[in-house]
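# Breakdown of the fold
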Amino acid sequence: MVTIAVIGAGAVGGYYGARLAQAGHDVRFLLRRDLEAVRTNGLRVYSRDGDFHLPSITAASRPEELGTVDWVICSLKATALEQARELVEPCLREDTRILALMNGLGVEARFAEWFGAQRVFGGMAFVCINRGEPGVIHHLDYGRISLGNVLDDARENAHLDELLRGANIETVVAPNLRYARWEKLCWNVPFNGLSVAGGGIGTQTILRDRELRTTAETAMREVVAAGNADLSAANSTSRLDVDEVVARMFSLTETMGDYRTSMVIDYVNGAELEVEAILGNPVRRARELGLAVPTMSALHGLVANADRVRRGLQRTLTPAELAQSPSVV
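Below: a short report on this structure. Note that this is a predicted model, so its numbers are computed, not measured.

### Overview of the packing of aromatic side chains
- In this structure the tally under the stated criterion is nine aromatic pairs.
- Pairing Phe-111 with Trp-114 gives two aromatic rings, centres 5.5 Å apart and planes at 70°, and the pair type is edge-to-face. Of this pair, Phe-111 and Trp-114 both sit in helix α4 (residues 107-115), separated by three residues, roughly a single helical turn.
- Through a chain of ring-to-ring contacts, three or more aromatic side chains come together here, namely Phe-126, Tyr-142, Trp-187, Phe-191 and Phe-250.
- Positioned above the aromatic ring of Tyr-267 is the side chain of Arg-310, whose terminal nitrogen or guanidinium carbon lies 5.2 Å from the ring centre.

This is the structure we're talking about:
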C-alpha cells in the first residue's frame, strides 16, 4: 500500500483517488468546495461499475496538511497549471512520483521543469464523469487512463500501471506520452470545442446535426495530422491511424447519451475555460510544424472569444447600441 496525495480533487481526481482509497491505499485529498462535506459525510461515488462510499478520508485545504507521499496525482484544471508547483511541492520527497492527470498539450513539460522529468507521468482519462452535490461524484461511463512517463521509461510506466490496475482502473500504456496526448486531443478538440462554439450544447446535438458532425470529423482529422507531424518531428515511429481514430471516437461518443463536456460545463457556469491547453497549444504546435489546421484554428478563435464574453471580459453589442447605429442590409 502506498501514500497518495490528490491535488485538485474535483470529479476526475476525486473519482480516481476514491478508487485507489477503496483498494486500500492511504489517499489524501486537497479540496476546496467539497472540504466540509467530505470531512462530515465522507466521499460517495455513484458508478456504473458499482456505487461505493468512503465514510472517512483524509481531506485538507492546504497541501502542507497532507504531508509527503509516494505519489502525487495532480488533476487541476489546465487553467490552474501555474499554481500546481506550489500545491504539489509540499507533498514531495526525493522519490515521490507525479502523475499529471490533466487535459491539454504541454502539461508535463512544466512539471518536468519544476521537479525533474524522470518522476513525472502524464495521464489521459477517457471517462464520462461529473460532480453532484458536495461530496458526491457521478461516474457515468468509461474510465480508462492512457499513461506514459515523460522519458518513456518502461520500468516507470510499469510502476504506475500496476498501481492503477490494482485499484480496478482500466489502463493502457501508450507507445509514448506524446502519442497519448494527441490521441486524447482527437476527442477533446472537436467535442469540447463545438460544445462551446455551438452555444452550450451536448454531444448528441453535435452528432445529430449534419454540419456540426462534419465539422467535428474535419477537426478530428486535422488533430490526427498535427499529432502525426509532431510524432515525426520527435523521431517517433508511432502514428495515429486517422480512419481508425475517427471511427472509434465517434462510436464511443454515440454511446454516451447527450454528454456534457467538461468545457461546456465550465462555460455554462461562467468558469474559465481550458481554451489554450486543449485548443490553442495544439494549433500553435501545428503552425510551428508548417501544417494548416483551419478548422482547429476556427474553433480556437470562437471558443476563446466565447470564454471572454461569458466571463464579462469582452463587451457585446446591446439592443440600445444597435438602435442608435445605422445598419447595412
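Having seen the model, we can carry on.
### What about the side chain of Ser-195?
- Relative to the helices and strands, Ser-195 resides in helix α6 (residues 177-197).
- In this structure the side chain of Ser-195 is engaged in a polar contact, spanning 2.8 Å, whose partner is the side chain of Thr-261.
- Not counting residues within four places of it along the chain, the set of residues in contact with Ser-195 comprises Gly-200, Ile-201, Ile-206, Thr-261 and Val-264.

### A closer look at α4
- Buried residues of α4: Val-107, Glu-108, Phe-111, Ala-112, Trp-114 and Phe-115, and no others. Viewed along the axis of α4, the buried residues span an arc of 165°, placing them on a single side of the element.
- Looking one or two residues beyond α4, the residue adopting positive phi is Gly-116, at roughly 95°.

### With respect to the pairing of strand β7 (residues 97-101)
- Counting buried positions along β7 gives four out of five residues, so the element sits mostly inside the fold.
- In this sheet, β7 lies alongside strand β6 (residues 71-74) in parallel orientation, the contact comprising four bridges. Residue Val-72 lies in a different strand from β7, and its bridge partner there is Ile-98.
- Pairing between β7 and strand β8 (residues 120-131): four bridges, direction parallel. If you follow Leu-99 over to β8, its bridge partner there is Phe-121.

### Quick look at the pattern of salt bridges
- Summed over the entire model, instances satisfying the criterion amount to 30 salt bridges.
- The partner of Arg-62 in a salt bridge is Glu-64, and the shortest N-O contact between them spans 3.6 Å.
- Classification of Arg-62 as partly exposed rests on a relative accessible area of 44%.
- Assessed through its relative accessible area of 44%, Glu-64 is described here as partly exposed.
- Glu-276 serves as the salt-bridge partner of Arg-284, at 2.8 Å between the closest nitrogen and oxygen.
- Overlapping salt bridges bring together Glu-36, Arg-39, Arg-62, Glu-64 and Glu-65 as one network.

About the cut-offs
- Numbering of residues begins from 1 in every chain and follows the order in which that chain's sequence is written.
- With the structure being a predicted model, the display of local features is reserved for residues of pLDDT at least 70 and the display and counting of side-chain atom pairs for 80 or more, all residues being used for whole-chain, interface and lining totals.
- Heavy atoms throughout the structure, all of them, feed into the side-chain values; hydrogens and water do not.
- Working definition: rings of Phe, Tyr and Trp (its six-membered ring) pair if their centres are within 6.5 Å, and the pair is stacked with planes under 30 degrees apart, edge-to-face with planes over 60 apart, and tilted otherwise.
- Each helix is a run of DSSP H or I of at least 4 residues and each strand a run of E of at least 2, with the numbering of both proceeding from the N terminus.
- By the criterion adopted, a ring carries a charge over it if an Arg CZ or a Lys NZ lies within 6 Å of its centre and within 35 degrees of its normal.
- The definition of a polar contact used here is a pair of N or O atoms within 3.5 Å, where within protein one atom must be able to donate a hydrogen and the other to accept one, and adjacent residues in sequence count solely through side-chain atom pairs.
- Residue contacts are defined here by distance: any two heavy atoms, one from each residue, within 4.5 Å place the two residues in contact.
- Note on exposure labels: buried denotes an accessible area under 20% of the residue type's maximum, exposed denotes more than 50%, and partly exposed covers the range between, all computed with a 1.4 Å probe on protein chains only.
- In this description, the arc belongs to the directions extending from the helix axis to the C-beta atoms.
- A pair of strands is treated as paired once DSSP finds two or more bridges between them.
- A carboxyl oxygen of Asp or Glu within 4 Å of a side-chain nitrogen of Lys or Arg is what we treat as a salt bridge.

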